[in-house]
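Secondary and tertiary structure notes
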Amino acid sequence: MLKSPLFWKIVTLSGAILLLLIPLTMVRQIIVERSDYRDKVDRAIRQSTSGPQNMVGPLIAIPVTELYTEQEDNKEIQRKRSYIHFWLPESLVIEGNQNVEARKIGIYEGQVWHNDVSVKAEFNAERLSELNHPNITVGKPFVVVSVGDARGIGVVNTSQVNGTSLAVEPGTGLNGRTQGIHIPLPDAGWAQQNLSLALSLTLSGTGDFSVVPVGRNSEMTLTSNWPHPNFLGDFLPAKREISESGFKAQWQSSWFANNLGERFDGGKISWQSMPAFSVAVATPADQYQLTDRATKYAILLIVLTFMSFFVLESMTSLRLHPMQYLLVGLSLVMFYLLLLALSEHIGFTAAWIIASLVGALMNGVYLQAVLQGWRSSIVFTLALLALDGVMWVL
């Protein structure tokens, strides 16, 4: 077997394929580097505008001071503790109109979204019955709306409680949760009646937009001009419509499903881990993902091409030098490098077509000299274009 020319031909071609893994690996490394540059642009846009937004609220924070007694050394000792009692809405209705705009840095592009958010919440005063105790003193309450990145808060257009306009202050007014806004309530009469809150503001961000459904019954409707939403989080939309001009989605939830009513009962509140209605401005598979996926089939393309030449040698008296195999293989690797370069400017599909035609033309001219005739060269060129077409489908 070691003296068989066929054996050594197969060994030589296998070695040539292994050698071609080196430039192919280098091309894949370039794809990773270009993709990293794109990710840096996304981070730069996020740092210069605002990041993902997680909106919690509105809810009413009530400072509470409670006197209680403890037994110590057979004596009753009176102690005092202070905490925040959260009054959650019975119903919460949020409507948003999202406009997504592209921001370019060089050849790279990111997205920034702007939401016009309208909030309506209803608070039931009967929920405050546990605070009607002689040992409990309540302070001045305030409405809290928390967000993930306060830089995205634009204009707060309206803020009304029971039809009365109230001033909006920066920060949530809560220790350890400073990003957001708060609305101080009037001193008198707030606990003796149900409250209706209406709030309208603009909120900008990048990536995710999520709303925690703090209401006993919560609904959110979001309309956007972005045609590639990524619905994530703990709740999928109950209804959604997606078209080339954008999407419209509606969410619904209640305390029966999310148990949020108990998450605000004392103790440390984990604001970031609460279940939420969420949607992300997702970028469809970009040229880097598509090119990287295409390179995974590069070895298959090279092997099929080499097999075609090998069958041709077996059926005719024509003999090809291993270096000629390598040159054709290198041209196939260069196809992916050209594909990457062009796709950054003209899109993946157009880049694939042009790279395929350039590669076919280059190989066709070279194979005309190697195969000693245009007829065989044209046949192999058409076969190579057909393989490119199959790889595009894959």
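Each remark here, short or long, concerns the structure printed above.
So, here's what we can say about the structure.

Rules used in this analysis
- Residues numbered from 1 in each chain as written.
- Predicted model: local features only at pLDDT ≥ 70, side-chain atom pairs only at ≥ 80, totals over all residues.
- Heavy atoms only, no water.
- Salt bridge = Lys/Arg side-chain N within 4 Å of Asp/Glu carboxyl O.
- Helix = DSSP H or I, 4+ residues; strand = E, 2+ residues; numbered from the N terminus.
- Buried < 20%, exposed > 50% of the residue type's maximum accessible area, 1.4 Å probe, protein only.
- Core = buried A, V, L, I, M, F, W, Y, C linked by side-chain atoms within 4.5 Å.
- Contact = heavy atoms within 4.5 Å.

**Focus on the pattern of salt bridges**
Applying the stated rule across the entire model yields four salt bridges. With a closest N to O distance of 3.0 Å, Arg-28 and Asp-292 form a salt bridge. Here Asp-292 lies in helix α4 (residues 287–295) and Arg-28 lies in helix α1 (residues 5–48), a separation of 264 residues in the sequence. Relative accessible area serves as the criterion here: at 29%, Arg-28 is assigned to the partly exposed category. The shortest N-O distance in the salt bridge between Arg-34 and Glu-344 comes to 2.9 Å. Here Arg-34 is found in helix α1, whereas its partner Glu-344 is found in helix α6 (residues 322–346), with 310 residues between them in sequence. Looking at Glu-344, the relative accessible area reads 12%, which means it is buried.

**What about the nonpolar core?**
Ranked by internal contacts, the top residues of the largest apolar core, which has 59 residues, are Ile-60, Trp-87, Trp-251 and Phe-264. Take this core: its biggest share by element is seven residues, from strand β1 (residues 53–72). Residues Ala-16, Tyr-288, Leu-332 and Leu-384 belong to the second largest nonpolar core, which totals 37 residues.

**Focus on the environment of Ala-16**
Of note, Ala-16 is situated in helix α1. Spatially, the C-alpha atom of Ala-16 lies 6.2 Å from that of Leu-326, the residues being 310 residues apart in sequence. When neighbours within four sequence positions are excluded, Ala-16 is seen to be in contact with Phe-306 and Leu-326.

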